[in-house]
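Structural features, examined
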Amino acid sequence: MQVTLNINGQAVSRDVEPRTLLVHFIRDTPGLTGTHWGCDTSNCGACVVQMDGQPVKSCTTLAVMCEGHEIRTVESLEVDGKLDPIQMGFHEMHALHCGFCTPGMLMTTRALLDETAARGRAGGAGGDAIPSEEEIRTAISGAICRCTGYKNIVGAVRWAAQYEAANRQGQEVS
Amino acid sequence: MQTPAPFTYERATSVDGAIASLVKHDGEARIIAGGHSLLPMMKLRLAQPEHLIDINDLGELSYIREFADEIRIGALTRHVELLHSDVLARRLPIFADAERVIADPVVRNRGTIGGSLCQADAAEDLSSVCSAIHASVVIRGADGERVIAMDEFHVGPYVTAVGDGEMLTEVRVPLTPGGSFSSAHEKVERRAGDWAIAAASAAVWIDGGTIADAGVALSAVGPTTVHVTRAAEALRGKSPGDELFEEAGRIAAEDCSPSADGRGPVDYKRHLAGVLTTRALRTATARALQQEA
């Protein structure tokens, strides 16, 4: 059946079997291979993309179910050569080794930062809302890194949260 | 590469339309919501529906509503919504206890209460939660609705009372007026997202310092969710206390029927079921008494 998905703001159309998984649609049709196809059983988190701002496992979602929703992949993070703060955090804190889990980790933790900032604004904490170590570890509990462990990943997320909080405060002052 | 067998797909635009399609496909169609239980089963070819009916657009099935005498939860309500609900935190804290340990946060963004209950996996948490709090479910078919209690809902492993041409639309939890009522869920798992080694759900209704009623149910220690009716009977009419809760734990350990697997041998799982029952009863009672104070 003909499916048109909104991936990173672009409409992508293709005739697919209903059983086509979102992860394969993303990798095959627009050729966005940043989204990794890992365990295929919704356990490893390498395939995480955002659907309407929420992280979801694209190996356990049918492409046809995503029509009418906004899909965002890891390729959307960098804009005009400028890395997203979460990417900068992973770079600064050396939060990857082989990099296989990284796209899923980035999309999962990008969503955590957005959610924490929104909650901070709603709760009056403004730009100071930084996720705690426990909140970060809970957020990535569905994502597996088989290289190095999670310490640097947690550090990277805190780095990015602090960077964004400092930027937001700077903007409010100026 | 794991791929489901071929099927046809439609998006439902109404509950009645979804039911009409189920009837038309005569047992060969399945409802899909979050898909985080069904799609893995389809990839393994343990499920091979010929037709999928996607109900994700049916916003009318997604709600948590508080009434004077009951709470109603729509079948399409997602785990993440159950976890963060203020109404449930206040009235039924057992849901947040369970939701914190169901799968992982990314899966919780998609999975739904209706899907979890209909999957009827013996290790699934919400089935024991709903059993302990004496919930009932609304099942709708072409001829109308029927409401059945959770202890009639589980027919066998992965089999529920929902018929081929029917769908689960709502979960109803009674709130007994007078006295105080609370609930708790305890689970031990090896890592996030794994099946439980064992889990226990408990609810207590306390009136005038006495347990007026209680509910105890267990996950992952039998072929289906285990309703420990003998523990509930032992608690009824007694004053809450540690000795009583330990007795209820002993009964739970006796009345479950775990199998040995990579998660542990039978005696360990029985022991765990007992300890978790005692702990869940203790927490539920402390919460209920706090409410009374």
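Owing to the predicted nature of the structure, the values given are computational and were not obtained by experimental measurement.

1. Points about the overall build of chain B
Secondary structure summary: chain B contains 12 helices and 14 strands in total. Relative to the 2.2 N^0.38 estimate, which gives 19 Å for 293 residues, the radius of gyration of chain B is 19 Å and therefore close to what a compact globule would have. If one aligns the C-alpha atoms of chain B with their principal axes, the spans along those axes are about 55 × 45 × 30 Å. A total of 293 residues make up chain B; the buried ones form 54% of that total. Taking contacts inside chain B between residues at least 6 apart in sequence as the whole, the part at least 24 apart equals 65%.

2. Description of the domain arrangement of chain A
All names here are of chain A. When its domains are assigned, chain A resolves into domain 1 (2-76) and domain 2 (85-173). On a C-alpha basis, the centres of domain 1 and domain 2 stand 22 Å from each other. Of all the secondary structure elements, the ones that give two or more residues to the side of domain 1 that touches domain 2 are β3 (48-51) and β4 (54-57). Element by element, the count of residues in the side of domain 1 that touches domain 2 is highest for β3, at three residues.

3. Some remarks on the domain arrangement of chain B
By domain assignment, chain B separates into domain 1 (8-54), domain 2 (61-174) and domain 3 (180-292). Taken over C-alpha atoms, the centre of domain 1 of chain B sits 34 Å from the centre of domain 3 of chain B.

4. Structural notes on the interface of chain A and chain B
Contacts between the two partners involve 24 residues from chain A and, on the opposite side, 23 residues from chain B. In terms of residues, the side of chain A that touches chain B owes the most to one element, β4 of chain A, which gives four residues. Classifying every residue of the side of chain A that touches chain B gives nine nonpolar, 11 polar and four charged.

5. As for helix α8 (residues 125-132) of chain B
All names here are of chain B. For α8, the buried fraction is high: eight of the eight residues fall into the buried class. Those residues of α8 that fall on the buried side of the exposure criterion are D125, L126, S127, S128, V129, C130, S131 and A132. Two residues or fewer after α8 comes H134, characterised by a positive phi angle close to 60 degrees.

6. Describing the confidence of the model for chain B
Within chain B, residue pLDDT values average 96, and 99% of them lie at 70 or more. Interface confidence for the predicted complex, given as ipTM, is 0.93, next to a pTM of 0.95.

7. Observations regarding the environment of E81 of chain B
By the secondary structure assignment, E81 of chain B is in helix α3 (residues 79-84). In sequence terms E81 of chain B and H134 of chain B are 53 residues apart; their C-alpha atoms lie 21 Å from each other.

8. Looking at the nonpolar core
All names here are of chain B. Formed by 140 residues in total, the largest nonpolar core has its most connected members in A198, A202, V204, V216, L218, A252 and A273. Among the elements that take part in this core, strand β12 (residues 196-207) stands out by supplying 10 residues, more than any other. Once residues within four sequence positions are removed from consideration, A198 is found in contact with V188, L218, A220, V221, K269, L272, A273 and L276.

9. A short note on helix α11 (residues 242-255) of chain B
Compared with the 20 Å implied by 1.5 Å per residue over 14 residues, the 20 Å span of α11 of chain B between its first and last C-alpha is a close match. Along α11 of chain B, the residues that are buried comprise F245, A248, G249, I251, A252, A253 and D255 of chain B.

10. Some remarks on the pairing of strand β10 (residues 167-174) of chain B
All names here are of chain B. In terms of burial, β10 is largely enclosed, as six of its eight residues are buried. Relative to β10, strand β5 (residues 70-74) is paired through five bridges, and the arrangement is antiparallel. Paired with I73 across the two strands is V171, which belongs to β10. Where strand β6 (residues 136-141) and β10 come together, five bridges link them in antiparallel fashion. From the neighbouring strand, V138 faces β10, where its bridge partner is E170.

The rules behind the values
- Residues numbered from 1 in each chain as written.
- Chains lettered and ligands numbered in written order.
- Predicted model: local features only at pLDDT ≥ 70, side-chain atom pairs only at ≥ 80, totals over all residues.
- Helix = DSSP H or I, 4+ residues; strand = E, 2+ residues; numbered from the N terminus.
- Rg over C-alpha atoms; globule rule 2.2 N^0.38 Å.
- Buried ≥ 20, exposed ≤ 12 C-beta atoms within 10 Å, placed from the backbone.
- Contact = placed C-beta atoms within 7 Å.
- Domains from an automatic or database assignment.
- Nonpolar A, V, L, I, M, F, W, Y, C, P; charged D, E, K, R; others polar.
- pLDDT = per-residue confidence, 0-100.
- Core = buried A, V, L, I, M, F, W, Y, C linked by C-beta atoms within 7 Å.
- Expected span 1.5 Å × (residues − 1).
- Pairing = 2+ DSSP bridges.

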